[in-house]
Amino acid sequence: MAELGKNIREMKVILYGNSESEPVPEACSQLTQEFFRESIMRLLIVHLPKLDLETRKDSTQVIANLQRQQVQSRIIASDYLESNKDLLDTLVAGYENMDMALHYGAMLRECIRHQVAARYVLESESLRKFFVYLELPNFDVQSDAAATFRELLTRHKATVADFLTKNYDWFFEEYNKLLKSSNYITRRQAVKLLSDMLLDRANTGIMMRYVSSKDNLKILMDLLREPSKNIQVESFHVFKIFVANANKPPEIVSILLKNRNKLLRFFSDFKTDKADEQFDIDKAQVLKEISGLEPKEKA
């Protein structure tokens, strides 16, 4: 074990350098080729629980670095993961082991920088596990899982848009449970990510579908009533899309009209903690839209 720890530490020095020397590109390239050719990545991931803490940390840093190393202008880590996708399932399941979770999470985030890896996780059963991990009571592990989940849903825009289009119903049914979670941190993270996803240009079709649902609108209106200013502000960024939608379904218009006076009173006093010109512009537009609403006949 001591010998193994020493070898992994030496790999880390080759890749990162140390106080005495910078990394040498030729040595990094050679190590990268050998590492993937001999499938050392699989060995380290599978046997990580058997290593001591320092060697686990070194292994995590080595695997993270090798995801970015080029060999003859190719990132061969991507090819390796394409042939070894089951390792991604192992990394995701790592969140179930409190001692391993942060190591596996850090590796997983580096792996899903590769589109092939991100697409696999999105389309696999492993993705559904995140809805459990995002409710874990351990703050560090829950936050790490949330960081990975965000990366999965924001990095590869075309892949994410394709996934959300094909899996809209089950995904947002699960996602809305996060928005109603009893855990403040979970709610806050979920509404922030929802805002970022819906306002991304690549997800315009998803956004239009989401803001046409009265059930989704009710969830956002409940979030606006939260005592937390952070949750209120993030919820506003989603709520404003419902209001700005030029093709609001009659049931959306009906809910907004029914609550018009309360909403106008609420937004009149609604402020951010710091001066924010764009927020003030958006708020004025929301007030104007709600004030000018007319009942819509159902088709």
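Refer to the structure presented above.
Remember, predicted model here, so these are calculated numbers, not experimental data. (Residues numbered from 1 in each chain as written. Predicted model: local features only at pLDDT ≥ 70, side-chain atom pairs only at ≥ 80, totals over all residues. Heavy atoms only, no water.)

*Asks:* Can you lay out the packing of helix α9 (residues 126-133) against helix α10 (residues 139-154) for me, pointing to particular residues and giving the numbers?
*Replies:* Packing of α9 against α10 brings their axes to within 10 Å, and their N-to-C directions diverge by 140 degrees. The orientation of α9 relative to α10 falls into the category oblique. The handedness of the crossing between α9 and α10 comes out as left-handed. Note on element contacts: α10 touches α9 through Gln 142, Ala 145, Thr 148, Phe 149 and Leu 152, opposite Leu 127, Phe 130, Phe 131 and Tyr 133. (Axes fitted to C-alpha atoms, helices over the stretch in contact; angles between N-to-C directions. Helix = DSSP H or I, 4+ residues; strand = E, 2+ residues; numbered from the N terminus. Parallel < 35°, antiparallel > 145°, perpendicular 65-115°, else oblique. Left-handed = near helix turned anticlockwise from the far one by under 90°. Contact = heavy atoms within 4.5 Å.)

*Asks:* How would you sum up the side chain of Gln 69? Please name residues and give values.
*Replies:* Here Gln 69 lies in the loop between α4 (53-66) and α5 (76-83). Using a relative accessible area of 16% as the deciding quantity, one classes Gln 69 as buried. At 2.8 Å, the side chain of Gln 69 forms a polar contact with the side chain of Asn 65. Dropping the residues within four chain positions of it, Gln 69 is found in contact with Leu 15, Cys 28, Thr 32, Arg 74, Ile 75 and Ile 76. (Buried < 20%, exposed > 50% of the residue type's maximum accessible area, 1.4 Å probe, protein only. Polar contact = N/O pair within 3.5 Å; in protein donor to acceptor, adjacent residues only side chain to side chain.)

*Asks:* Report on a positive patch on the surface, specifying residues and quantitative values.
*Replies:* Together, Lys 214, Lys 218, Lys 258, Lys 262 and Arg 265 make up a region of like positive charge exposed at the surface. Listing elements by their share of the positive patch, those giving two or more residues are α15 (214-224) and α18 (260-269). Its relative accessible area of 56% is what places Lys 262 among the exposed residues. (Patch = residues over 30% accessible without salt bridge, like charges linked within 9 Å, V, L, I, M, F, W, Y side chains within 5 Å. Areas by Shrake-Rupley, 256 points an atom, 1.4 Å probe, with all protein chains shown as cover. Salt bridge = Lys/Arg side-chain N within 4 Å of Asp/Glu carboxyl O. Lys, Arg positive; Asp, Glu negative; His and termini not counted. Charge placed at Lys NZ, Arg CZ, Asp CG, Glu CD.)

*Asks:* Before we move on, could you go through the side chain of Asn 216 and cite the residues and values that matter?
*Replies:* Tracing the chain through its elements places Asn 216 in helix α15. On the basis of relative accessible area, Asn 216 is assigned to the buried category, the value being 5%. A polar atom in the side chain of Asn 216 sits 2.9 Å from the side chain of Asn 176.

*Asks:* Outline α10, listing residues and values.
*Replies:* Spacing of three or four residues puts side chains on the same side of an α-helix, whose turn is 3.6 residues. Spanning 16 residues, α10 covers 22 Å between terminal C-alpha atoms, matching the ideal 22 Å at 1.5 Å per step. Of all the positions in α10, only Val 141, Gln 142, Asp 144, Ala 145, Ala 146, Thr 148, Phe 149, Leu 152 and Leu 153 are classed as buried. Among the structural elements, α7 (101-111), α8 (115-123), α9, α11 (157-166), α12 (168-179) and α13 (184-198) are those in contact with the buried residues of α10. The N-capping residue of α10, defined by a side-chain oxygen 3.1 Å from the backbone nitrogen of Asp 140, is Asn 138. (Expected span 1.5 Å × (residues − 1).)

*Asks:* Hey, could you go over the nonpolar core for me, with residue numbers and the actual values?
*Replies:* Residues Phe 130, Phe 149, Phe 171, Tyr 175, Leu 194 and Phe 239 are the most contacted members of the largest nonpolar core, which totals 94 residues. Here this core takes 8 residues from helix α16 (residues 229-244), the largest share from any one element. Dropping the residues within four chain positions of it, Leu 194 is found in contact with Phe 172, Tyr 175, Leu 179, Tyr 210, Leu 220 and Val 238. (Core = buried A, V, L, I, M, F, W, Y, C linked by side-chain atoms within 4.5 Å.)

*Asks:* Can you lay out α5 for me, pointing to particular residues and giving the numbers?
*Replies:* Looking at α5, one finds that the buried residues are Ile 76, Ala 77, Ser 78, Tyr 80 and Leu 81. Residues of α5 that are buried sit in contact with α2 (25-37), α3 (40-47), α4, α6 (86-93), α7 and α8.

*Asks:* Please give an account of the pattern of salt bridges that cites residues and values.
*Replies:* Applying the stated criterion across every chain yields a total of 20 salt bridges. With a closest N to O distance of 3.1 Å, Asp 58 and Lys 12 form a salt bridge. Linking Asp 58 in helix α4 with Lys 12 in helix α1 (residues 2-16), this pair joins segments that are 46 residues apart in sequence. Judged by its relative accessible area of 6%, Asp 58 is buried. For Lys 12, a relative accessible area of 24% puts it in the partly exposed group. Across the pair Lys 192 and Asp 196 runs a salt bridge whose closest N-O atoms are separated by 3.0 Å. Of this pair, Lys 192 and Asp 196 both sit in helix α13, 4 residues apart, which is roughly one turn of that helix. Relative accessible area serves as the criterion here: at 31%, Lys 192 is assigned to the partly exposed category. Relative accessible area serves as the criterion here: at 26%, Asp 196 is assigned to the partly exposed category.

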